[in-house]
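Letter by letter, the chains look like this.
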Amino acid sequence: MKAIVCESFGPLEELQFKDVADPEVKKGHVVVNVEAAGVNFPDGLLVQGLYQMQPDFPFIPGNEVAGTISEVGEGVSHLKEGQRVIALSNLGGYAEKALIPATHVMPLPDPIHVNEGAALVTAHATAHHALKQRAKLQPGETLVVTGAAGGTGLAAVQIGKIMGAKVIAVCSTEEKLALAKEYGADVLINYKEKDLKETLKEVTGGKGVDVVYECVGGDTFHACSRSMAWEGRLLVVGFAGGEIPKFPVNLALVKGYSVMGVFWGSFTQHDPKGFAENMQELLTWYVQGKVKVVVDEALPLEQATKAMAKVMNREVKGKMVLVP
C-alpha cells in the first residue's frame, strides 16, 4: 500500500510517499481501508520532533480516518467487514490502510460524508471534551474561542452555542471572523485591529470571561490570562502561533481562576467510556445538523506535505483532509 512515512524528525519536506507492507489484522483490532484522513496541527509537530509524543522510526503519521472495514480481528463482535466507520488511529492514518483498535472505531452514519467524518474525530472531539469535561461550561456563561476559524476553534464555537454559552470569536482576519459568525459566534474580535484585553473587558462589562478556549499561545494567551472572570477556566488547547507562553501564576491566585490543560488523546486512553459517550453525542448532534465539519480542502495523499504546511501556517478555514 501507499503511505506517508517519517524516517526521522525533520522538516515536512522530508516526509516520504512510498510503498509499505499492508497491516496485518490482529486480535481486538480491525483493518480499515482509508478513504479520508484528517490533517491536524499536532501531525506537523510530531514529524518535526516537536510534539509530546515521539514514536519509534519509521512511522506513519495521521490519527483520524474514515473508510470501510476490510478485516476484523479475533474477539471483535460489534464491527463487521464492509462497514463504514470513523476511527482514532493514533498513528498510521496517512495511508491506504490502517490497523486500529476496535475500541476506537465507530460506525459512520450514512448522512455524513466520508471527508467530514474523517475530520470530525479530533477537532470536534477535542472541543467537546474541553468544554464538557474540563471547563464544565454552563448555559449563560461567556466563552472566548481563539483561532476561532481553525478546525478545533470552529468546533468550539459550534459546541459552545449548543451548550448555551455566549461565544466570543477571536481571529486575525475579517474573513475568518465571518466564518465564525456563520457557525454561531455572537461577538467578533479581530485581534490584529483591536487590543484584545481591552476589548474583552468592554464586551463583558468589566466582569471578565468565564471560559477561554485558547489555541494560539503567545500574546493572545497573555491577553486572555488577564481577562478572566472570578472562578473562570482558562483552557490550554494548543500553540498555533508558535510561542508557548510562560504563565505568571500570581494571576490565577489574585483573580481566582483555573488554568486547565486539554490533551484529548490522553483523555481517550484514560477514559475510553467517556470518549465513546462523547463521540455518540457528537454524531447525534451531527445528524441533527447542530454541528458541522467545514472541509477547507481535500488533497491526494501524496500531497500530505502541502496539506500539513497549510495547517501549520494557519491558512486553513476549518479542516484539511487527505484522500488516498
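The rules behind these values
Residue numbers restart at each chain and count upward from 1, following the sequence in its written direction. Per-residue local features are limited, in this predicted model, to residues with pLDDT of at least 70; the limit for side-chain atom pairs, both in listing and counting, is 80 or more; totals at the level of whole chains, interfaces and linings are taken over all residues. With hydrogens and water excluded, all non-hydrogen atoms of the structure serve as input to the side-chain values. Nonpolar core, defined: a set of buried Ala, Val, Leu, Ile, Met, Phe, Trp, Tyr and Cys residues in which side-chain atoms within 4.5 Å join the residues together. Only protein chains enter the calculation, and the probe is 1.4 Å; a residue is then buried if its accessible area is under 20% of its type maximum, exposed if over 50%, and partly exposed in between. Runs of H or I in DSSP of at least four residues are treated as helices and runs of E of at least two as strands, each being numbered from the N terminus. Salt bridges are counted wherever a side-chain nitrogen of Lys or Arg sits within 4 Å of a carboxyl oxygen of Asp or Glu.

Enquirer: Just to check I follow, could you spell out the nonpolar core for this structure?
Expert: What tends to happen in soluble globular proteins is that the nonpolar side chains get buried as a cluster. Counting 54 residues, the largest nonpolar core has Ile86, Leu131, Leu143, Val145, Ile159, Tyr213 and Leu235 as its most contacted members. Residue contributions to this core peak at nine residues, all from helix 2 (residues 114-134). Ranked by size, the runner-up nonpolar core spans 40 residues in total, among them Ile4, Cys6, Val105 and Val311.

Enquirer: Would you mind showing me how to read the pattern of salt bridges here?
Expert: In a structure, side chains of opposite charge can pair up when their charged atoms sit close to one another. As enumerated under the stated definition, the model contains 13 salt bridges in all. One salt bridge connects arginine 84 with aspartate 110, and the closest N-O pair in it is separated by 3.8 Å. Of this pair, arginine 84 sits in strand 5 (residues 84-88) while aspartate 110 sits in the loop between strand 7 (105-107) and helix 2, and the two are 26 residues apart along the sequence. Overall, the relative accessible area of 66% leaves aspartate 110 in the exposed class. As a salt-bridge pair, glutamate 281 and lysine 132 come within 3.1 Å of each other at their nearest N and O atoms. Here the residue glutamate 281 occupies a position in helix 9 (residues 272-287), and lysine 132 occupies one in helix 2, the gap between them amounting to 149 residues. We classify glutamate 281 as partly exposed; its relative accessible area is 27%. Judged by its relative accessible area of 32%, lysine 132 is partly exposed. It is possible to trace a salt-bridge network through shared partners that takes in Asp296, Glu297 and Lys310.

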